[in-house]
Amino acid sequence: RREYLTRVRKKSFIIMTLIGPLLMAGLFIVPAWIAMNADDEQDILVIDDSYAFSEAFEDSEVLRFHYITEVLDSGITKVQSGDFDALLYIPPRMVAEDNGKGAKLIYQSQPGVNAINFIEKAIEGEIEEKRLAEAGIDPETLENAKVEVELNTSKLDDLGGESADNTEINMAIGMIAGVLIYMFIFLYGVQVMRGVIEEKTNRIIEVIVSSVKPFQLMMGKILGIALVSLTQLLLWVGLTMVLTTGASTALEYYMGEKGEVDRVEQMMGGNTGLSGSGQEIEVNQEAVDDMLSKFNEIPYVFIISCFLFYFLGGYLLYSALFAAVGSAVDNEADSQQFMLPITAPIIFSFVMAQAVIQNPDSSLSFYLSVIPFTSPIIMMVRIPFGVPVAELALSMTMLIIGFLATTWLAAKVYRIGILMYGKKPSFKEIWKWVRQS
């Protein structure tokens, strides 16, 4: 109780609890806000000496094209005077000889990437259309022959039934869960170590152990800080969801009021620069509905339950080791020699998460998700893809056994280390502490 109340009342805890959701929500909100409010309207002067692109560039809400039949120097002068944002020069016989590489975009201020992409796509489309016409190929027939294949993936259960699956969503959920566990284990595990060092340095520990057993003291510190980390995590998730939902609703209302939905779509990566046709809008809506249906099929309760188990299990396992290190040293600088053996497994599991995502059912993925030191991250990466019940039960059992073993080991070090002052213990000496009855 003391560990929990002392830490949640600190200004640093309150500030980080408020700043964290703002930063996470900002990752989703700020790009959309910038895209919606960026003043990207540009006037492009076009000098087409090939006389082949008179219909290639159409105005949009972002770009406006102005054709002139003057020499190149005259167009450059107009750009320098500020009458136009940029000059697009197309040399003679570009379609026949230069293969589309002779065009120049001359400017004083760098145009947006989407504007450059739009001009390139327009030139490419016009050249392709003319060459197809010269070859006697109907561009519409060629376009109709193109297909986009998207596999509908599904996973068989033990009874032979099928359930819909989405690899991209599973990858995102697995990586987010792994990163959160990795971050919180380091953040709060180090707090356990620092707390033990502080009490030991101030000699408060000598008074406390006169009425409390060392094991009880260690577990009280570990569990108290575990509740702090769980409180902050739940607050982060809840506040982030509230902020993201509220901001999304506000942005939708704002876009509807300003009529800028099409403009945002253009600036967020549209290749045409023009509003989509009714058919394209219908197709996009179908894709959105399909994606939403896949999100609705995610077993949120199961994934969140597993996340809480591996989050707490991983934290408790590593925090016991951090507490042992804190009890063995007099200051944080001396702890560095003992940190590498403790932190190496979790860093290794974080690095290997990418390989596990590529093949979540491989032998490597199985063994890493069973070993207690790597299972908190690796198993959470695998769970969204679907894990057999037997493997999940084995992994959870091994994590519980690993926690009990590391706690027993840490308690042996802790009971002696907290009363040792003025000496830097070696690994050999710490092993003697463990062997003492």
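Residues numbered from 1 in each chain as written. Predicted model: local features only at pLDDT ≥ 70, side-chain atom pairs only at ≥ 80, totals over all residues. Heavy atoms only, no water.

1. Regarding the sheet that holds strand β1 (residues 42-48)
Here's step 1: Strand order in the open sheet made by the four strands is β2-β1-β3-β4, with mixed pairing throughout. Looking at which strands have only one partner, the edges of the open sheet turn out to be β2 (63-68) and β4 (104-107). With direction set aside, neighbouring strand axes in the sheet form an average angle of 25 degrees.
Here's step 2: Those strands touched by helix α3 (residues 72-80) are β1, β2, β3 (86-90) and β4, and its axis lies near 165 degrees from that of β3.
Here's step 3: Those strands touched by helix α5 (residues 113-134) are β1, β2, β3 and β4, and its axis lies near 50 degrees from that of β2. (Pairing = 2+ DSSP bridges. Helix = DSSP H or I, 4+ residues; strand = E, 2+ residues; numbered from the N terminus. Axes fitted to C-alpha atoms, helices over the stretch in contact; angles between N-to-C directions. Contact = heavy atoms within 4.5 Å.)

2. Thoughts on the layout of surface pockets
Picture a little ball the size of a water molecule; that probe, rolled over the atoms, points out where space is still empty.
Here's step 1: Taken as a whole, the second largest pocket spans an internal volume of roughly 1,300 Å³.
Here's step 2: When grouped by side-chain class, the residues that make up the lining of the second largest pocket number 26 nonpolar, four polar and no charged. (1 Å grid on protein atoms, 1.4 Å probe; cavity = no way out; pocket = protein on both sides within 12 Å on 5 of 7 lines; lining within 4 Å. Points joined across faces, edges and corners; volume = space filled by probe spheres on them. Nonpolar A, V, L, I, M, F, W, Y, C, P; charged D, E, K, R; others polar.)

3. Some thoughts on helix α7 (residues 167-201)
Here's step 1: With 35 residues, α7 should reach 51 Å at 1.5 Å per residue; the first-to-last C-alpha distance of 51 Å fits that figure.
Here's step 2: Looking one or two places after α7, you find Arg 203, whose phi comes out positive at around 65 degrees. (Expected span 1.5 Å × (residues − 1).)

4. Overview of the packing of aromatic side chains
Here's step 1: For the structure on display, the rule yields ten aromatic pairs.
Here's step 2: In this structure an aromatic cluster arises from ring pairing among Phe 184, Tyr 188, Trp 236, Phe 307 and Phe 311. (Phe/Tyr/Trp six-rings, centres within 6.5 Å; stacked < 30°, edge-to-face > 60°.)

5. Thoughts on the nonpolar core
Here's step 1: Counting 72 residues, the largest nonpolar core has Ile 222, Met 380 and Ile 383 as its most contacted members.
Here's step 2: Breaking this core down by element, the ones donating at least two residues are α7, α9 (214-258), α12 (300-328), α13 (336-358), α15 (375-382), α16 (389-417) and α17 (427-435).
Here's step 3: Sequence-distant contacts of Ile 383, defined by excluding residues within four places in its chain, comprise Phe 302, Ile 303, Cys 306, Tyr 310 and Leu 392.
Here's step 4: One finds Val 46, Phe 53, Phe 118 and Ile 119 within the second-largest nonpolar core, a separate group that totals 18 residues. (Core = buried A, V, L, I, M, F, W, Y, C linked by side-chain atoms within 4.5 Å. Buried < 20%, exposed > 50% of the residue type's maximum accessible area, 1.4 Å probe, protein only.)

6. Here we look at the side chain of Thr 407
Here's step 1: By the secondary structure assignment, Thr 407 is in helix α16.
Here's step 2: Here Thr 407 falls in the buried class, since its relative accessible area comes to 5%.
Here's step 3: A distance of 2.7 Å separates the side chain of Thr 407 from the backbone oxygen of Phe 403, its partner in a polar contact.
Here's step 4: Excluding anything up to four places from it in sequence, Thr 407 contacts Phe 215, Met 218, Met 219 and Ala 320. (Polar contact = N/O pair within 3.5 Å; in protein donor to acceptor, adjacent residues only side chain to side chain.)

7. Considerations on the pattern of salt bridges
Here's step 1: Enumeration over the complete set of coordinates arrives at three salt bridges.
Here's step 2: Of the charged contacts, one joins Arg 382 and Asp 361 as a salt bridge, the two residues approaching to 3.8 Å between their closest N and O atoms. Separated by 21 residues along the polypeptide, Arg 382 in helix α15 and Asp 361 in the loop between α13 and α14 (363-370) bring together distant segments of the chain.
Here's step 3: In this structure, Arg 382 and Glu 391 form a salt bridge, with 2.8 Å as the shortest nitrogen-oxygen distance.
Here's step 4: With a relative accessible area of 2%, Arg 382 lands in the buried category.
Here's step 5: By relative accessible area, Glu 391 is classed as partly exposed at 21%.
Here's step 6: Within this structure, Asp 361, Arg 382 and Glu 391 form a network of salt bridges that share partners. (Salt bridge = Lys/Arg side-chain N within 4 Å of Asp/Glu carboxyl O.)

8. A look at a nonpolar patch on the surface
Here's step 1: On the surface, a cluster of nonpolar side chains totalling about 500 Å² of accessible area is made up of Ile 14, Leu 18, Leu 22, Leu 235, Leu 239 and Leu 243.
Here's step 2: Elements with a contribution of two residues or more to the nonpolar patch: α2 (11-37) and α9.
Here's step 3: Mapped onto the elements of the fold, Leu 18 is located in helix α2. (Patch = residues over 30% accessible without salt bridge, like charges linked within 9 Å, V, L, I, M, F, W, Y side chains within 5 Å. Areas by Shrake-Rupley, 256 points an atom, 1.4 Å probe, with all protein chains shown as cover.)

9. Overview of the packing of α12 against α15
Here's step 1: Taken N-terminus to C-terminus, the directions of α12 and α15 make an angle of 170 degrees; their axes are 9 Å apart at the nearest point. What the angle tells us is that α12 and α15 run roughly antiparallel. Where α12 approaches α15, its residues Ile 303, Cys 306, Phe 307, Tyr 310 and Gly 314 are matched on the opposing element by Ser 375, Pro 376, Met 379 and Met 380.
Here's step 2: Here the residues of the contact of α12 with α15 are counted per class, giving seven nonpolar, two polar and no charged. (Parallel < 35°, antiparallel > 145°, perpendicular 65-115°, else oblique.)

10. Details of the environment of Asn 170
Here's step 1: Along the chain, Asn 170 falls in helix α7.
Here's step 2: With relative accessibility at 6%, the residue Asn 170 sits in the buried group.
Here's step 3: Taking the C-alpha atoms as reference points, Asn 170 and Phe 385, separated by 215 residues in sequence, lie 5.9 Å from one another.
Here's step 4: In this structure the side chain of Asn 170 is engaged in a polar contact, spanning 3.5 Å, whose partner is the backbone oxygen of Pro 384.

11. A closer look at the confidence of the model for the chain
Caution applies to low-pLDDT regions: their predicted coordinates should not be interpreted in detail.
Here's step 1: Model confidence for the chain is summarised by a mean pLDDT of 76, while 79% of its residues fall at 70 or above.
Here's step 2: Taken together, the stretch residues 259-283 has pLDDT below 50 and engages in 37 contacts with residues farther than four places along the chain or on a different chain. (pLDDT = per-residue confidence, 0-100.)

12. Section: the pairing of β3
Here's step 1: Here β3 lies mainly inside the structure; five of its five residues are buried.
Here's step 2: Burial of the side chains of β3 extends over both faces: Ala 86, Leu 88 and Ile 90 are buried on one face and Leu 87 and Tyr 89 on the other.
Here's step 3: Taken together, the five bridges between β1 and β3 define a ladder with parallel strand orientation. Paired with Asp 48 across the two strands is Ile 90, which belongs to β3.
Here's step 4: Note that β3 and β4 share four bridges and pair antiparallel. Note on β4: the bridge partner recorded for Tyr 89 is Lys 104.

13. Some details on the environment of Met 16
Here's step 1: Its location among the elements puts Met 16 in helix α2.
Here's step 2: Met 16 sits 216 residues away from Gln 232 along the chain, and the two C-alpha atoms are 8.7 Å apart.
Here's step 3: Beyond its immediate chain neighbours, meaning those up to four positions away, Met 16 contacts Pro 21, Gln 232 and Trp 236.

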